[in-house]
Amino acid sequence: MENAEPQEIAAVSQPGTADGVPAVFWPELDESCILQETDDRIFIDKPPFVPCQEAEAGAADDVVTRLAHLLAMRAGAAQVPVSPVYLGVHQRLDAATSGVLVYAKRKEANAALAQAFEGRTAKKVYLAIVTGWHGPARTLTHHLAKGEDGNIVALPRPSKVSQEAITVVTPVARNGKYSMLELELQTGRTHQARVQLAAAGAPIVGDDLYGGEPGARLYLHASSLSFGGSDGGRDWVVAPRPKAFDDLLAGAFKNPHAVYRDAEELHARLTAAAERRRRLQKDCESGALSTFRWVNEEGDALPGLAIDVYGRFAVAQLYDRDEGTFSEADVKAIAAAIRKFGFAGVYLKHRPKQANTLVDTRREDVAPPHAILGEDAPDPYLVIENGVCFETRLGDGLSTGLFLDMRRNRKVVRELAAGLRVANLFAYHCAFSVAAAVGGAREVVSVDATVRALERGQSNFVAAGVDPKLHRFSAEDCFSWLERTAKKGEQFDLIICDPPSYSKTKKTRFVASSNYAELADKVLRILAPGGKVLFFCNHRGMYQTKFRRTILGAARALEMPIGQLKDLSVAIDFPHAAGGDPALKGVLFTSNALSGAKLPPAEKGAKVPSSGKPAAPSKPASASKIPARGAPTGGATPPRGPSKASLASTTRGRPGGRGR
């Protein structure tokens, strides 16, 4: 057995002792959202990013469930199920759209509301900020239908599947390229205002679905709603214009970092980011999850800022970008804003532009070892992901020990692993290995150049309630291990390949953008027929399409029969900026078990497509074999610790990537 070494691993807590996320973190509706209320109806001002229907079964993130909860709480029924509160639904808004919604409070009130909406006596007025609008008021008439990709399209003429859409557009303000428009919807079609304005050459700001320029939110607001009275008059219920609309027109945030100097806007964007992750609440409350990404830079309209949640603690990561750096005042404002969401302590990671130039990622000016606000977390600190305990160390350098963007992929590994032989390359703290073991893998081999990383990996096995002695840990350069394993003819059913974007050891140098094809070649040589590989890349210069081609090219060069090549999706808590690729790229490769095609011998070195100079070959080296915790060492003297060179390969600030 290729077991790893530690002489001693600190005792860890048993599973189930991790802290939960602060209850106050999740935004709730309060009385301020109620615009008007009668015995029959209730009008509310829906915040942006709150869905009108559950995103998934049991999420309880929709506005109806949350409004019912508010009304039950108001009635003093905190311990009573929400179901006795009746709300009749007659109107919906897109999750990203804010503004007026009306619900029936009694079943008897449904008929009148239904008649008003179906008979078009209900009047709906919206506000939108767009680019590209020219000229005076006019009426837009289009024929809308569902396109091949599921989005709504405007057809040039009526068809059997189209519906007529009519919107009266009136300009109300303008500043530079931005125009604020008042929209009166004469019909009620799906995405009507968004599609019609885009078809008219004036897409709504923040509407990445229909060609709008990036924005802090979708700049569409249901501003007023009315129902005609018996005397022909109208009483309008009005939702105030959001501050974000005035800020955009005034150019308040032309400097992207200005948001960090506006406490109200910063809080609003943090709240919106929490709303976008609201469906995670059910897993947090059930005890299955206590760690996720709260803010993902431009994907949450907070440039250069990422925030990760670890139970009662939050870790803010600041990225230096071309638009500017964070001042000391910015850092204090961010920490204070985070603390308001109920966190016991706030940690800071400062990621310079060229993170790969850092020799020591534990420098205090880069990653302070203590919380910059509030209390320190225990070290190690247990968190829960998909019901499994993992150790983290929030004050130990740029990395905490667990890459949160891999949560969904660890679940994939867990679901695939039963009965398989699994190899986890660049294993770091062995989170993928733990997922495979928990999923019932027959054997898991964890490979990493750094002894300390594998020691902590074994500790992660213990934290998850898995005996590390049942699995193997190899402290060796991954490229050398792959070559040696291929020469031995050893094969694996499932392989996880998640290299750093950049690494350098005594034997090899690896840059993902230029050397991934050679790595894929080595990995595929040890894949069993019908086996699967999860390939990952976190390099900015590697786009998803190029990544797929790289894996496909490596397989074809080896004449390996391909069963499937599937893109791995990005988790909801890692949204990327509109028009860009996700930071993390993933592909699930499956070989075809029905073919008997043989791979070329490893020593022949088949030619592999490459976009750069291949990594220099290295002679096979004996692995540092680390016995699992409690395993006999046989009197061998263990390595004293990682060298600076080996440490670089697993300093997973991911130089050139996104600081995972």
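Residues numbered from 1 in each chain as written. Predicted model: local features only at pLDDT ≥ 70, side-chain atom pairs only at ≥ 80, totals over all residues. Heavy atoms only, no water.

Colleague: For this particular structure, what's the right way to read the packing of helix α8 (residues 407-416) against helix α9 (residues 431-438)?
Modeller: Helix-helix packing is characterised by the crossing angle of the two axes and by the distance between the axes. Where α8 contacts α9, the axes come no closer than 7 Å and their chain directions differ by 35°. Every pair of crossing elements has a handedness; the one defined by α8 and α9 is right-handed. Within the contact between the two elements, α8 uses Asn409, Arg410, Val413 and Arg414 and α9 uses Ala431, Phe432, Ala435, Ala436 and Val438. Tallied by class, residues from the contact of α8 with α9 come to 6 nonpolar, 1 polar and 2 charged. (Axes fitted to C-alpha atoms, helices over the stretch in contact; angles between N-to-C directions. Helix = DSSP H or I, 4+ residues; strand = E, 2+ residues; numbered from the N terminus. Left-handed = near helix turned anticlockwise from the far one by under 90°. Contact = heavy atoms within 4.5 Å. Nonpolar A, V, L, I, M, F, W, Y, C, P; charged D, E, K, R; others polar.)

Colleague: Mind showing me how you'd approach the nonpolar core here?
Modeller: Buried together is how nonpolar side chains tend to be arranged in soluble globular proteins. Core analysis: the largest hydrophobic core is formed by 46 residues, its most contacted members being Ile44, Val63, Leu67, Tyr103, Ile129, Leu183 and Leu197. At the level of elements, β2 (41-46), α1 (63-74), β4 (98-104), β5 (122-131), β9 (178-185), α3 (192-199), β10 (220-228) and α4 (243-250) are the ones that each hand at least two residues to this core. It is α1 that contributes the most residues to this core, 6 residues altogether. With near-sequence residues (within four places) excluded, Leu67 lies in contact with Leu29, Ile42, Ile44, Leu87 and Tyr103. Of all hydrophobic cores here, the second largest spans 44 residues; its members include Phe313, Ala417, Ala435 and Ala437. (Core = buried A, V, L, I, M, F, W, Y, C linked by side-chain atoms within 4.5 Å. Buried < 20%, exposed > 50% of the residue type's maximum accessible area, 1.4 Å probe, protein only.)

Colleague: Where do I start with the pairing of strand β14 (residues 313-319) in this structure?
Modeller: Strand residues, when the strand is regular, have side chains that alternate between the two faces of the sheet. Taking burial as the measure, the 7 residues of β14 include 7 buried ones, the bulk of the element. Of the two faces of β14, the one holding Phe313, Val315, Gln317 and Tyr319 and the one holding Ala314, Ala316 and Leu318 are both buried throughout. Sheet topology places β14 next to strand β15 (residues 345-351); 7 bridges connect them, and they run parallel. Each bridged residue has a counterpart across the sheet, and for Ala314 the counterpart in β15 is Val346. (Pairing = 2+ DSSP bridges.)

Colleague: Even after reading the chapter, I still don't get the sheet that holds strand β16 (residues 373-374), so can you show me in this structure?
Modeller: Read across the sheet, 5 strands follow the order β12-β13-β14-β15-β16 without closing on themselves; strand pairing throughout is mixed. The outermost strands of the open sheet, each flanked by one partner alone, are β12 (291-296) and β16. Across 5 bridges, the pairing between β12 and strand β13 (residues 305-310) is antiparallel. In the sheet register, Asn296 faces β13, and the bridge partner there is Ala306.

Colleague: Could you clarify how one ought to interpret helix α13 (residues 544-557) in this entry?
Modeller: Since there are 3.6 residues in each turn of an α-helix, residues three or four apart along the chain are aligned in direction. Taking 1.5 Å of rise per residue, 14 residues should cover 20 Å, and α13 covers 20 Å from first to last C-alpha, within 8% of that figure. Within α13, burial applies to Gln544, Phe547, Thr550, Ile551, Gly553, Ala554 and Ala555. As for α13, its buried residues are in contact with α12 (512-524), β25 (527-537), β26 (562-567) and β27 (585-591). Two residues or fewer after α13 comes Glu559, characterised by a positive phi angle close to 55°. (Expected span 1.5 Å × (residues − 1).)

Colleague: Would you mind going over the pattern of salt bridges with me for this structure?
Modeller: It is possible for side chains of opposite charge to pair when their charged atoms get near one another. A full pass over the atoms with the stated rule returns 37 salt bridges. Two residues, Lys105 and Glu37, come together in a salt bridge whose shortest N-O distance is 2.7 Å. Of this pair, Lys105 sits in the loop between β4 and α2 (110-118) while Glu37 sits in strand β1 (residues 34-37), and the two are 68 residues apart along the sequence. The partly exposed category is assigned to Lys105, whose relative accessible area is 25%. Accessibility expressed as a relative area gives 31% for Glu37, which makes it partly exposed. For Arg393, the salt bridge identified is with Glu391, shortest N-O distance 3.3 Å. Using a relative accessible area of 12% as the deciding quantity, one classes Arg393 as buried. A relative accessible area of 2% means that Glu391 is categorised as buried. (Salt bridge = Lys/Arg side-chain N within 4 Å of Asp/Glu carboxyl O.)

Colleague: Got a minute to help me understand the pairing of β9 in this structure?
Modeller: Burial analysis of β9 places 6 of its 8 residues in the buried class, the great majority of the element. Sheet analysis places strand β8 (residues 163-175) next to β9, joined by 8 bridges and oriented antiparallel. What sits directly across from Arg174, in β9, is Ser179. From the end of β8 to the start of β9, which pair antiparallel, there are 2 residues, and Gly176 there has a positive phi angle of about 65°.

Colleague: Would you take a moment to explain the side chain of Arg410 for this structure?
Modeller: By the element assignment, Arg410 lies in helix α8. The contacts of Arg410, once residues within four sequence positions are left out, are Glu385, Phe390, Leu402, Phe403, Leu404, Ala431, Phe432 and Ala435.

Colleague: Would you explain helix α10 (residues 451-463) in this entry?
Modeller: In a regular helix each residue adds 1.5 Å, so 13 residues correspond to 18 Å; α10 covers 19 Å between its end C-alpha atoms and thus fits that length. Counted residue by residue, α10 has 11 buried out of 13 residues, so it is predominantly covered. Turning to α10, the residues buried within the fold contact β17 (381-385), β18 (388-392), α9, β20 (443-448) and β21 (472-475). With its phi angle positive at about 80°, Gly465 sits one or two positions after the end of α10.

Colleague: Mind showing me how you'd approach the packing of aromatic side chains here?
Modeller: Centre distance and the angle of the planes are the two values used to describe a pair of aromatic rings. All chains considered together, the criterion is met by 20 aromatic pairs. Ring plane angle 5° and centroid distance 5.2 Å describe the contact between Phe403 and Tyr428, whose orientation is recorded as stacked. You can see Phe403 sitting in the loop between β18 and α8 and its partner Tyr428 sitting in the loop between β19 (421-425) and α9, a full 25 residues away along the chain. Each member of the pair Phe403 and Tyr428 is classed as buried. Pairwise contacts between aromatic rings join Phe25, Trp26, Phe292, Trp294, Phe341 and Phe343 into one cluster. The ring of Trp133 carries Arg138 above its face, with NZ or CZ at 4.1 Å from the centroid. Its end group placed over the ring of Phe390, Arg410 keeps NZ or CZ at 5.9 Å from the ring centre. (Phe/Tyr/Trp six-rings, centres within 6.5 Å; stacked < 30°, edge-to-face > 60°. Lys NZ or Arg CZ within 6 Å of the ring centre and 35° of its normal.)

Colleague: For this particular structure, what's the right way to read the packing of helix α11 (residues 478-488) against α12?
Modeller: Between α11 and α12, the least distance of the axes is 9 Å, while the angle of their chain directions is 40°. You can see that α11 and α12 cross each other, and the crossing is left-handed. Contact residues: α11 offers Phe479, Leu482 and Glu483, while α12 offers Leu519, Lys522 and Val523. Here the residues of the contact of α11 with α12 sort into 4 nonpolar, no polar and 2 charged.

Colleague: Any chance you could explain unusual backbone geometry here in plain terms?
Modeller: As a rule of thumb, non-glycine residues mostly have phi less than zero, and peptide bonds are mostly trans rather than cis. Along the chain, Asp379 connects to Pro380 via a cis peptide bond; the corresponding omega equals 0°. With respect to the helices and strands, Pro380 occurs in the loop between β16 and β17. You will see that His191, though not glycine, has its phi angle at about 55°, which is positive. Despite not being glycine, Glu297 shows a phi value in the positive range, around 50°. In this structure, Glu297 sits in the loop between β12 and β13.

Colleague: Sorry if this is basic, but what is going on with the environment of Ala423 here?
Modeller: Within the secondary structure, Ala423 sits in strand β19. Residues Ala423 and Val444 lie 21 residues apart in sequence; the distance between their C-alpha atoms is 5.8 Å. With residues near it in sequence (within four places) discarded, Ala423 still touches Val445, Trp481, Phe492, Leu494, Ile495 and Ile496.

As far as function goes, none of this settles anything; it's purely spatial.
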